[in-house]
Amino acid sequence: HLQKIKSVTVLAITICLSLSVKAQLHIIPQPLHLTEGKGQFLLNSKAVIGVDKESETVGKYLQTYLTQYYKLNLKLKVYPKVPAGAAIQLITTAGDKEGSYALHVSTGTVKVFGKGAGVFYGVQSLIQLLPAKTIAPLKVAVCTVADEPRFQWRGLSLDVSRHFFTVDEVKQYIDVMAHYKLNVFHWHLTDDEGWRIQINKYPKLTEIGAKITYYEKQGKFRKLDNLIDGGGKDGFYTQDEIREVIKYARDRFISILPEIEMPGHSEAAIFAYPELGCQDSTGAKHRVRMLDPSEHTFTFMEDVLTEVIALFPNQYIHIGGDEAEMVDWLKSPTAVALMKKEGMKSEKEVQSYFIKRIEKFLLSKNKKLVGWDEILQGGLAESATVMSWQGEAGGIAAAKMHHHVIMTPLPYMYFDAPQASEDLEPIGWNPTVTWQMVYNYEPMSSELSPEEAEYVLGSQGNIWAEKIPTASHLQYMVYPRALAVAELTWSAKENKNLDRFDFKMKQQYGYFKLWNWNARLPDIVGMN
Ligand code: TNX
């Protein structure tokens, strides 16, 4: 019954809205403060985008966006100080909170004030006030927005190991993230199925580790039975391409968290360099996914990380740490000798030793380690940040130990799960996760004291690509659920409202069409 009332309400709002332009029901994530005014700003090709020097890149971004999607070719003018006189003004201010901004739309001008990312976020809000239809002049509702993010970590991951996604596909993924003020792109670059980042010192990582179909055809053993098409895709990013993507993301105020998996999930690396793998007491490789904790392995991984660090300016490096098949170490002479030497009682301590050594190396290079919650086992590395995925328990434990935490728990943040009835949706890993479930997730667990909750940096949606062979399928799985992540990480808790979000979410389909983005339609079952 309640559902019926809700549907009727949404329908009534829809009808009212089709008669007028309302800012209130457009922007995702919901801004902190939004006041409606009267009238509209009319945007046509005569408008000038005026920017101060610091806002120039964002001005160019807006100019390109309007040309690309609305065929409006606006002039961009850089002013030494305040761009007074221009119809659209982007102004860098001292600002307080990182990412905060103000947007003032009047009948005569559009002004964005912000610092750093703030100007960019103000422009994104403006973009969402534009109609999705491309008929000029574009009407923008008169309004005032004062906004800032709730969490500093508003993430979305992408697994490019299980199935490869091209540079252009990755850029489009980043583009759409940016529209919703998501700011961390977690790039899962290595896993059992494929190694996707060029490492100059170890060329076989990509020559062999990224050529999945070739080695399959040769009849060489690869464990690809998890993949939907049984074969995956070949491909890797050159270091030049990685730099290109980093710059592309930086221009959109998105930082990239690269992930290099260890000590488990390492089959592709071991396939390329077998000496990295765990050996049993006979000298035979009995498993192909676990790294041997040998000095050779540490040198190798430090060499790899050195190249990764040189590429990525981000302060965090993710080293995986999940699902390590630690029992394998009990048969490895290297691991057994290490345990004896260090007086370790269990294989979990070997994992802890492994992660702590890698952390020491990262800290020496001024980088911070991020790992999945298994890194808590056997003792957490000194200043590690924990990504809590097996529910919230790991994140809660880490926050209580005063470690930073990113909440990405099953089931809410797992977008490889179907979004509706399992038998009608494309095959997924886990039971259904609806966008409503995602939306209602609260990253600051009630089990944490206010002081402990401060260690929660934010939250992130995760996508694993075992069952996702194409970019359009990827878009279908991640959206609209990623919109819920955007709102729950950006908007003030008091400002969350499921019905309003439902309405705003449906408004986004006009943009999705404009951007050629294949989000799942919320009311229609099955792949569109
Ligand atoms: C567990 S989430 C994994 C991934 C898989 C995923 C499938 C995590 C840290 N590890 O390697 O792809 O399950 O849902």
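You'll find the chain entered in an unreviewed UniProt entry as beta-N-acetylhexosaminidase, with Mucilaginibacter dorajii given as the organism. According to UniProt, the comment filed for the chain under the heading Sequence similarities (unreviewed entry) is "Belongs to the glycosyl hydrolase 20 family." You can read under Catalytic activity (unreviewed entry) in the UniProt record for the chain the words "Hydrolysis of terminal non-reducing N-acetyl-D-hexosamine residues in N-acetyl-beta-D-hexosaminides."

Q: How would you explain the sheet that holds strand β7 (residues 138-147) if you had to name every residue and give the values?
A: Here seven strands make up an open sheet; going across it, the order is β1-β7-β5-β6-β4-β2-β3 and the pairing mixed. Looking along the sheet, the strands with just one partner apiece sit at the ends: β1 (33-43) and β3 (75-79). The mean inter-strand angle of the sheet, taken between neighbouring strand axes irrespective of direction, is 20°. Relative to β3, strand β2 (residues 48-52) runs parallel, the two sharing five bridges. Bridging across to β3, D52 finds its partner in Y79. The strands touched by helix α2 (residues 56-70) are β2, β3, β4 (88-92) and β7; relative to β2, the strand with the most contacts, the crossing angle is about 160°.

Q: Tell me what's going on with the sheet that holds strand β13 (residues 385-388), and back it up with residues and numbers.
A: Spatially, β8-β9-β10-β11-β12-β13-β14-β15 is the arrangement adopted by the eight strands of the closed barrel, whose pairing is parallel. Across the sheet, the mean angle separating the axes of adjacent strands is 30° when strand polarity is ignored. Where strand β10 (residues 255-262) meets strand β11 (residues 316-320), two bridges bridge the pair, whose relative direction is parallel. Counted as the bridge partner of M262 is G320 from β11. Contacts between helix α16 (residues 481-490) and the sheet are confined to β8 (153-159) and β15 (456-461), with β15 contributing the most and set at about 170° to the helix.

Q: Give me the lowdown on the site of the ligand, citing residues and values where you can.
A: Within the structure, the ligand sits among D322, E323, W372, W389, D416, W429, W464 and E466. Here the residues of the shell around the ligand sort into four nonpolar, no polar and four charged.

Q: Describe the packing of helix α9 (residues 295-311) against helix α11 (residues 347-364), and please don't skip the residues or the numbers.
A: Running from amino to carboxyl end, α9 crosses α11 at an angle of 35°, the nearest separation of the two axes being 11 Å. Taken as a pair, α9 and α11 cross one another with a handedness that is right-handed. In this structure, α9 contributes F298, M301, E302 and L305 to the contact, and α11 contributes R357, I358, F361 and L362. Grouping the constituent residues of the contact of α9 with α11 by class yields six nonpolar, no polar and two charged.

Q: Break down the packing of α2 against helix α3 (residues 117-129) for me, with residues and values.
A: Across the interface, α2 lies against α3 with an axial gap of 10 Å and an inter-helix angle of 20°. Looking at the two axes, α2 sits roughly parallel to α3. Judged by the sense of rotation from one axis to the other, the crossing of α2 with α3 is right-handed. Touching V58, Y61, L62 and Y65 of α2 are V119, F120, V123 and I127, all from α3.

Rules used in this analysis
- Residues numbered from 1 in each chain as written.
- Predicted model: local features only at pLDDT ≥ 70, side-chain atom pairs only at ≥ 80, totals over all residues.
- UniProt positions renumbered as here; feature names shortened; annotations may be inferred.
- Pairing = 2+ DSSP bridges.
- Helix = DSSP H or I, 4+ residues; strand = E, 2+ residues; numbered from the N terminus.
- Axes fitted to C-alpha atoms, helices over the stretch in contact; angles between N-to-C directions.
- Contact = placed C-beta atoms within 7 Å.
- Near = placed C-beta within 6 Å.
- Nonpolar A, V, L, I, M, F, W, Y, C, P; charged D, E, K, R; others polar.
- Left-handed = near helix turned anticlockwise from the far one by under 90°.
- Parallel < 35°, antiparallel > 145°, perpendicular 65-115°, else oblique.

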